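Topology and contacts: notes
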Amino acid sequence: MADPARVKNEQATESTSAEKSLQVENAAEASSGTKAPVVSEATTEQVTLKDEDRMRLIKDEDEEEGPSSAPRPPLKKIKVEPDKKKEKRHKIDEDEIQKMQVLVSSFSEEQLNRYEMYRRSAFPKAAIKRLIQSITGSSVSQNVVIAMSGISKVFAGEIVEEALDVCEKWGDTPPLQPKHMREAVRRLKSREQIPNTKHKRILFH
Amino acid sequence: MAEEDDDPGFDEELDDGGNGIDSGHGKRKRLFSKELRCMMYGFGDDQNPYTESVDILEDLVIEFITEMTHKAMSIGRQGRVQVEDIVFLIRKDPRKFARVKDLLTMNEELKRARKAFDEANYGS
């Protein structure tokens, strides 16, 4: 999945406290670290957007690879990829990134706000970790917490989207009411998108 | 049944025990109220979502996490929750599966970047 917030990772000028998740792919691809990958305290699933970073959503700089001491041309990557498939996937990623950038650059103020909330919101890792550990009784690794919070966010999104569908279908207006949420849950349950192990099915009755 | 939720006397401490979705969790302290509000706005709800809706969503999320954890404990290595178990449980749901893969990949890249940065710093 392409990350539209891929940021141009120029030379040291960029190594401010800018969010590293925006520069992840660039930093990771730099094999010899001639540029300082920006490392801050950003978490993986939060692409935090400061005001100047919003502009970075729009700019697109390709990743730069390979060891080089000379100043690199800031534009197209000129590298020979041994794997054709990877190159094709890069191209598709590039297209998607550019499309996303065109889209985001044409957002209204309100849409930008909502998009920022969509990208930025996340469940607190500490609370999730505490919750999982209280259920298992033993400690869990960090990756588990990351995966679980990510999935939970997607789950919450599915419910809200379904509830918005219900709301629109019933001719109501946005602030979602509990009745919409419940109807959404009922629909998702019938599609088996909500896990339910409470009902014990007897096999041979 | 559809109209009962419009009752202005709805108290977020008490749950209408008749519904299996939000029964029994009323007394617990709210863990995700702030974050869930932002999330609901991001997903399309109003800028100020109703507190009752946020509560219902929180209960659902906690139940989801609980179910996944229990399932993960019962497969793979028993009694422990590991990433492979979660990925296995999610395999049928394309959205969640893709999301988990992305998150874990990004995390790996970040760790690598951090490591490279530290080594670069160490040299200077």
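Residues numbered from 1 in each chain as written. Chains lettered and ligands numbered in written order. Predicted model: local features only at pLDDT ≥ 70, side-chain atom pairs only at ≥ 80, totals over all residues. Heavy atoms only, no water.

**Regarding the overall build of chain A**
We apply this condition: Put simply, DSSP marks the helices as runs of H or I at least four residues long and the strands as runs of E at least two long, and each gets a number from the N terminus on. Think of it in three bands: residues with accessible area under 20% of the maximum for their type are buried, residues over 50% are exposed, and the middle band is partly exposed, with areas taken using a 1.4 Å probe on protein chains only. Any two residues whose heavy atoms approach within 4.5 Å at even a single point are treated as in contact. The Shrake-Rupley method, run with a 1.4 Å probe, gives the accessible areas here. Residue values count only the displayed protein chains as cover.
The number of helices and strands found in chain A is 7 helices and 0 strands. Along its sequence from the N terminus, chain A presents helices and strands in the succession α-α-α-α-α-α-α. Every one of the 205 residues in chain A was classed for burial, and the buried ones make up 48%. For chain A, the share of sequence-separated contacts (at least 6 apart) that also reach a separation of at least 24 residues comes to 53%. When the accessible area of chain A is evaluated, it comes to approximately 11,200 Å², of which 54% is carbon and sulfur surface.

**Some thoughts on the overall build of chain B**
Check the secondary structure of chain B and you find 4 helices and 0 strands. Considering chain B as a whole, with its 124 residues, one finds that 40% of them fall into the buried category. Counting only contacts in chain B whose residues sit at least 6 apart along the sequence, the fraction spanning at least 24 positions is 31%. Accessible surface computed for chain B: about 6,900 Å², of which carbon and sulfur atoms make up 52%.

**Here we look at the interface of chain A and chain B**
By a frequent convention, interface size equals the accessible area lost on bringing the separate parts together. Threshold: Accessible surface is computed with a 1.4 Å probe, and the buried area is the amount of it that two parts give up when combined, taken over both parts together. Take a side-chain nitrogen of Lys or Arg and a carboxyl oxygen of Asp or Glu: if they are within 4 Å of each other, that pair is a salt bridge.
In this assembly, 63 residues from chain A lie in contact with 62 residues from chain B. Together, the buried faces of chain A and chain B total about 6,400 Å²; carbon and sulfur atoms form 71% of this surface. In this assembly, chain A and chain B are joined by 4 salt bridges. In this structure, the salt-bridge partner of Glu-63 of chain B is Lys-198 of chain A, at a minimum N-O distance of 3.2 Å.

**Re the layout of surface pockets**
Residue and element names in this part refer to chain B. Let me state the cut-off plainly: The way it works is a 1 Å grid over only the protein atoms, where trapped points that fit a 1.4 Å probe form a cavity and open points with protein on both sides within 12 Å along at least five of seven lines form a pocket, and then any residue with an atom within 4 Å of a point lines it. Grid points are joined across faces, edges and corners, and a volume is the space filled by probe spheres set on the points. When residues are grouped by polarity, Ala, Val, Leu, Ile, Met, Phe, Trp, Tyr, Cys and Pro land in nonpolar, Asp, Glu, Lys and Arg in charged, and all others, Gly among them, in polar. The start and end points of each domain follow an automatic or database-based domain assignment.
Of the voids in this model, the second largest pocket is the one considered here, and its volume is about 490 Å³. Every element with two or more residues in the lining of the second largest pocket is listed here: helix H2 (51–74) and helix H3 (83–90). Here the lining of the second largest pocket gets 3 residues from one element, more than from any other, and that element is H2. Considered class by class, the residues forming the lining of the second largest pocket number 6 nonpolar, 3 polar and 7 charged. Composition of the lining of the second largest pocket by domain shows at least three residues from each of domain 1 (29–77) and domain 2 (91–123).

**Structural notes on the packing of aromatic side chains**
As a reminder of what qualifies: Working definition: rings of Phe, Tyr and Trp (its six-membered ring) pair if their centres are within 6.5 Å, and the pair is stacked with planes under 30 degrees apart, edge-to-face with planes over 60 apart, and tilted otherwise. As a reminder, the over-ring test applies to NZ of lysine and CZ of arginine, requiring each to be within 6 Å of the ring centre and within 35 degrees of the ring normal.
Counted by the stated rule, this structure contains 5 aromatic pairs over all chains. Ring centres of Phe-107 of chain A and Tyr-115 of chain A lie 5.7 Å apart, and the angle between their planes is 70°; on these two criteria the pair is classed as edge-to-face. Given the relative accessible area of 22%, Phe-107 of chain A is considered partly exposed. Positioned above the aromatic ring of Tyr-118 of chain A is the side chain of Lys-153 of chain A, whose terminal nitrogen or guanidinium carbon lies 5.5 Å from the ring centre. Over the face of the ring belonging to Phe-88 of chain B we find Arg-91 of chain B, whose NZ or CZ atom lies 4.0 Å from the ring centre.

**Quick look at the side chain of Lys-96 of chain B**
With respect to the helices and strands, Lys-96 of chain B occurs in helix H4 (residues 94–123). Setting aside chain neighbours within four positions, we find Lys-96 of chain B in contact with Ile-151, Val-154, Phe-155, Glu-158 and Gln-193 of chain A together with Phe-64 and Ile-90 of chain B.

**What about the packing of helix H6 (residues 142–169) of chain A against helix H1 (residues 33–43) of chain B?**
The condition that has to hold: A fitted line through C-alpha atoms serves as each axis, taken over the contacting stretch for helices, and the angle formed by two N-to-C directions is quoted from 0 to 180°. The cut-offs work like this: below 35 degrees is roughly parallel, past 145 is roughly antiparallel, 65 to 115 is roughly perpendicular, and the gaps in between are oblique. Left-handed describes a crossing whose near helix is turned anticlockwise from the far helix by less than a right angle; the clockwise case is right-handed.
Packing of H6 of chain A against H1 of chain B brings their axes to within 9 Å, and their N-to-C directions diverge by 55°. Compared by their axis directions, H6 of chain A and H1 of chain B come out oblique. Here H6 of chain A and H1 of chain B pass one another in a crossing that is right-handed. Facing H6 of chain A, whose interface residues are Lys-153, Ala-156, Gly-157, Val-160 and Leu-164 of chain A, H1 of chain B presents Met-39, Met-40 and Phe-43 of chain B.

**Here we look at the packing of H2 of chain B against H3 of chain B**
Residues and elements named next belong to chain B. Orientation of H2 relative to H3, taken along the N-to-C sense of each, is 110°, at an axis distance of 9 Å. Relative to H3, the element H2 lies roughly perpendicular. The way H2 lies across H3 gives a crossing that is right-handed. Residues Met-68, Lys-71 and Ala-72 of H2 pack against Asp-85, Leu-89 and Ile-90 of H3. Classifying every residue of the contact of H2 with H3 gives 4 nonpolar, no polar and 2 charged.

**So, the nonpolar core**
The test is simple: Throughout, nonpolar core names a set of buried Ala, Val, Leu, Ile, Met, Phe, Trp, Tyr and Cys residues whose side chains join them through atoms within 4.5 Å.
If you look at the biggest cluster of nonpolar residues, it comprises 48 residues, and the most contacted ones within it are Ile-128, Leu-176 and Met-181 of chain A together with Phe-32, Leu-57, Ile-65 and Ile-86 of chain B. When contributions to this core are tallied by element, the ones reaching two or more residues are helix H5 (125–136), H6 and helix H7 (178–190) of chain A together with H1, H2, H3 and H4 of chain B. A total of 12 residues in this core trace back to one element, the largest contributor, which is H6 of chain A. Each residue touching Leu-57 of chain B, except ones within four places of it in the same chain, is listed here: Ala-156, Ile-159, Val-160 and Met-181 of chain A together with Leu-36 and Met-40 of chain B.

**Some points on the pattern of salt bridges**
By the definition in use, this model includes 15 salt bridges over all chains. The partner of Glu-116 of chain A in a salt bridge is Arg-120 of chain A, with the nearest N and O atoms 2.6 Å apart. One end of the pair, Glu-116 of chain A, and the other, Arg-120 of chain A, are both in helix H4 (residues 109–120), 4 residues apart, so they sit about a helical turn from each other. On the basis of relative accessibility, which here comes to 8%, the residue Glu-116 of chain A falls in the buried class. Of the charged contacts in the structure, one is a salt bridge between Asp-59 of chain B and Arg-30 of chain B, with a shortest N-O distance of 3.3 Å. Residue Asp-59 of chain B is found in helix H2, and its partner Arg-30 of chain B is found in the segment before H1; the two are separated by 29 residues along the sequence. On the accessibility criterion, Asp-59 of chain B (3% relative accessible area) is buried.

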